[in-house]
Amino acid sequence: MSDELKYWYLRDHKLFGTLSGSQLKQLCIITGFKKARKAEVIYLSSSDLPRVFLLKKGNIKIVSVDEEGNETIKDIIQKGDLFGELELDSDKNSNEYAKALTDEIIICSFLLSDFENLLLQYPNLALSYTKFVGLKMKRIRNKYANLISKDAKTRLLTFLKEWAEREGKHHGHRIILDNYLTQNDIAQIICTSRQTTTQLLNDLGEKGILHYSRKEIVIEDISLL
């Protein structure tokens, strides 16, 4: 990938808004870029060269694997999100990977050591990064609070509302989501069984609130969720 294209990818991200043009050009030297297709595994936490990643295009899921080999979706990453070693501390015992959910994925990445040096070199960037990660951690805390305090139906409705706010296409009162998640994916995200998720989606469909298919989810009126 050309340095010019790298430059424009980085310039468009709010994290790097405090950097000058010349600083961004220097940043291009240490930035790696990768493209991936749907279902491709992108990142393994056990890598000998830990990295911080930034998603430029598409959607991916972060999957954790327990000692028995059971997989759980830990997070859904959207365009502009950071993932990887965000706490700037590589966890060799962690067993996670990222998998592409959509047809075309573009990711830029930094070696953890290079990114740490970058934050030391540019204090304004370090402050921006702290705020960025702080907001992400707040979202994760809210997610776990919802899992503890709300029932499965409320968790599903909350998830659908947040998804619609981020990626929904508005057509009057109707909102259309390009669906890149299976019902099993959704079940893992809201921590319930696939059978329960299927029943809840069917109930919403029977009430005319939304229509679920493999390609899209149509929410007739988000105020009804």
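What you see is a predicted model; the values in this text were computed from it and never measured. (Residues numbered from 1 in each chain as written. Predicted model: local features only at pLDDT ≥ 70, side-chain atom pairs only at ≥ 80, totals over all residues. Heavy atoms only, no water.)

### Brief notes about helix H4 (residues 123–149)
Logical step 1: Between the first and last C-alpha of H4 there are 39 Å, a value that for 27 residues agrees with the 39 Å anticipated at 1.5 Å per step.
Logical step 2: Burial in H4 covers these residues: Leu125, Ser128, Tyr129, Phe132, Val133, Lys136 and Asn146.
Logical step 3: Where H4 is buried, its residues meet strand E5 (71–77), strand E6 (82–84), helix H3 (112–121) and helix H5 (152–167). (Helix = DSSP H or I, 4+ residues; strand = E, 2+ residues; numbered from the N terminus. Expected span 1.5 Å × (residues − 1). Buried < 20%, exposed > 50% of the residue type's maximum accessible area, 1.4 Å probe, protein only. Contact = heavy atoms within 4.5 Å.)

### Some thoughts on the packing of aromatic side chains
Logical step 1: With the rule as written, the count across this model stands at eight aromatic pairs.
Logical step 2: Pairing Phe53 with Phe83 gives two aromatic rings, centres 5.0 Å apart and planes at 15 degrees, and the pair type is stacked. Highlighted residues: Phe53 in strand E3 (residues 51–57) and Phe83 in strand E6, separated in sequence by 30 residues.
Logical step 3: Classification of Phe53 as buried rests on a relative accessible area of 8%.
Logical step 4: Note on Phe83: relative accessible area 3%, which makes it buried.
Logical step 5: Considering the side-chain rings of Phe110 and Phe115, the 5.4 Å spacing of their centres and the 45 degrees angle between planes classify their relative orientation as tilted. Accessibility assignment for this pair places Phe110 and Phe115 in one class, buried.
Logical step 6: Here the aromatic residues Phe16, Phe110, Phe115 and Tyr129 are joined through ring pairs into a cluster of three or more. (Phe/Tyr/Trp six-rings, centres within 6.5 Å; stacked < 30°, edge-to-face > 60°.)

### Concerning the sheet that holds E6
Logical step 1: Across the sheet, which stays open at both edges, the four strands sit in the order E1-E8-E3-E6 with antiparallel pairing between neighbours. The open sheet has two edge strands, strand E1 (32–37) and E6, and neither has a second partner. Shown here is a sheet whose adjacent strand axes are inclined to one another by a mean of 30 degrees, direction ignored.
Logical step 2: Along the sheet, helix H1 (residues 3–11) makes contact with E1, E3 and strand E8 (104–111), crossing E8 at roughly 90 degrees.
Logical step 3: Its contacts with the sheet place H3 against E3 and E8, and it is angled at close to 70 degrees to E8. (Pairing = 2+ DSSP bridges. Axes fitted to C-alpha atoms, helices over the stretch in contact; angles between N-to-C directions.)

### Quick look at the pattern of salt bridges
Logical step 1: Scanning all chains against the criterion turns up eight salt bridges.
Logical step 2: For Lys74, the salt bridge is made with Glu96, and the minimal N-O distance between the two is 2.5 Å. Of this pair, Lys74 sits in strand E5 while Glu96 sits in strand E7 (residues 96–100); the two residues are 22 residues apart in sequence, bridging distant segments of the chain.
Logical step 3: One salt bridge in this structure joins Lys136 and Asp75, with 3.1 Å as the shortest N-O distance. Here Lys136, found in helix H4, pairs with Asp75, found in strand E5; they are 61 residues apart in sequence, far enough to count as distant. In this pair, the class of Lys136 matches that of Asp75, namely buried.
Logical step 4: In this structure, a network of salt bridges that share partners links the residues Asp75, Lys136 and Arg139. (Salt bridge = Lys/Arg side-chain N within 4 Å of Asp/Glu carboxyl O.)

### Regarding the side chain of Gln183
Logical step 1: Checked against the element boundaries, Gln183 lands in helix H6 (residues 183–189).
Logical step 2: Setting aside residues up to four positions removed in sequence, Gln183 forms contacts with Arg194, Thr197, Thr198, Leu201 and Tyr212.

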